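Here are the chains, one letter per residue:
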Amino acid sequence: MVKKIAALCLAVLTVGCSGEAAEPPDLAGGDPASGRAVFVRSCAGCHGADALGTDTGPPLIDELYAPGHHSDGAFWLAVRTGVRQHHWDFGPMPAIPGVTDREVADIVAWVRGLQESAGF
């Protein structure tokens, strides 16, 4: 319930010029193996091949990105609309074009698996 409320709040904050809010899809059931491949292609340049961060992007295997702090919908919104700098000093994250909702679900499944293995 809290995840859905957080995702809805984030969606309301991303209302575009058209007046329509971006609403995260259901991201359940992603495939972690596919997620790793999409992550390496679309995200690893900044977040590292194992999501441990680089000198240009933060680690996603960190308590700040655990489900209790950043919902799955927050990952979707980051891909769709980008993110202003707020936890780290890397600058804003741009939107990542060309990644489908299914691919975001796969990325989230892979990252959540790594976070669980790390104890988050």
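Since this is a predicted model, take the numbers as computed values, not measurements.

So, how was this worked out
Residues numbered from 1 in each chain as written. Predicted model: local features only at pLDDT ≥ 70, side-chain atom pairs only at ≥ 80, totals over all residues. Heavy atoms only, no water. Helix = DSSP H or I, 4+ residues; strand = E, 2+ residues; numbered from the N terminus. Expected span 1.5 Å × (residues − 1). Buried < 20%, exposed > 50% of the residue type's maximum accessible area, 1.4 Å probe, protein only. Contact = heavy atoms within 4.5 Å. Axes fitted to C-alpha atoms, helices over the stretch in contact; angles between N-to-C directions. Parallel < 35°, antiparallel > 145°, perpendicular 65-115°, else oblique. Nonpolar A, V, L, I, M, F, W, Y, C, P; charged D, E, K, R; others polar. Core = buried A, V, L, I, M, F, W, Y, C linked by side-chain atoms within 4.5 Å.

> Help me understand helix 5 (residues 101–117) in this model?
Residues that lie three or four places apart on an α-helix share one face, since the helix turns once every 3.6 residues. Between the first and last C-alpha of helix 5 there are 24 Å, a value that for 17 residues agrees with the 24 Å anticipated at 1.5 Å per step. Among the residues making up helix 5, those that are buried are Glu103, Val104, Ala105, Asp106, Ile107, Val108, Ala109, Trp110, Val111, Arg112 and Gln115. Of the surrounding secondary structure, the elements contacted by the buried residues of helix 5 are helix 2 (32–42) and helix 4 (72–81). Backbone geometry just downstream of helix 5 places glycine 119 in the positive-phi region, at approximately 95 degrees.

> I'm lost on helix 4 in this one. Help?
The buried fraction of helix 4 amounts to eight of the 10 residues, a majority that puts the element mostly inside the structure. Looking only at helix 4, the buried set comprises Asp72, Gly73, Ala74, Phe75, Trp76, Leu77, Ala78 and Val79. Taken from the residues just after helix 4, glycine 82 is the one with a positive phi, measuring 80 degrees.

> What am I meant to see in the packing of helix 2 against helix 5 here?
Helix-helix packing: each pair is described by the crossing angle between the helix axes and the interaxial distance. Following both chains from N to C, one finds helix 2 and helix 5 inclined at 105 degrees, their axes separated by 7 Å at the closest point. As summarised for this structure, helix 2 and helix 5 are arranged roughly perpendicular, according to the angle between their axes. Mapping the contact onto sequence places Pro32, Ser34, Gly35, Arg36, Val38, Phe39 and Arg41 in helix 2 and Glu103, Asp106, Ile107, Ala109, Trp110 and Val111 in helix 5. In terms of residue class, the contact of helix 2 with helix 5 is built from seven nonpolar, two polar and four charged.

> What exactly am I supposed to notice about the nonpolar core here?
For soluble globular proteins, nonpolar side chains are generally found buried alongside one another. Within the largest apolar cluster, 20 residues are counted, with the highest numbers of intra-cluster contacts made by Phe39, Leu60, Val104, Ile107 and Val111. Of all elements in the fold, only helix 2, helix 4 and helix 5 reach the threshold of two or more residues within this core. Top element by residues in this core is helix 5. It accounts for six residues.

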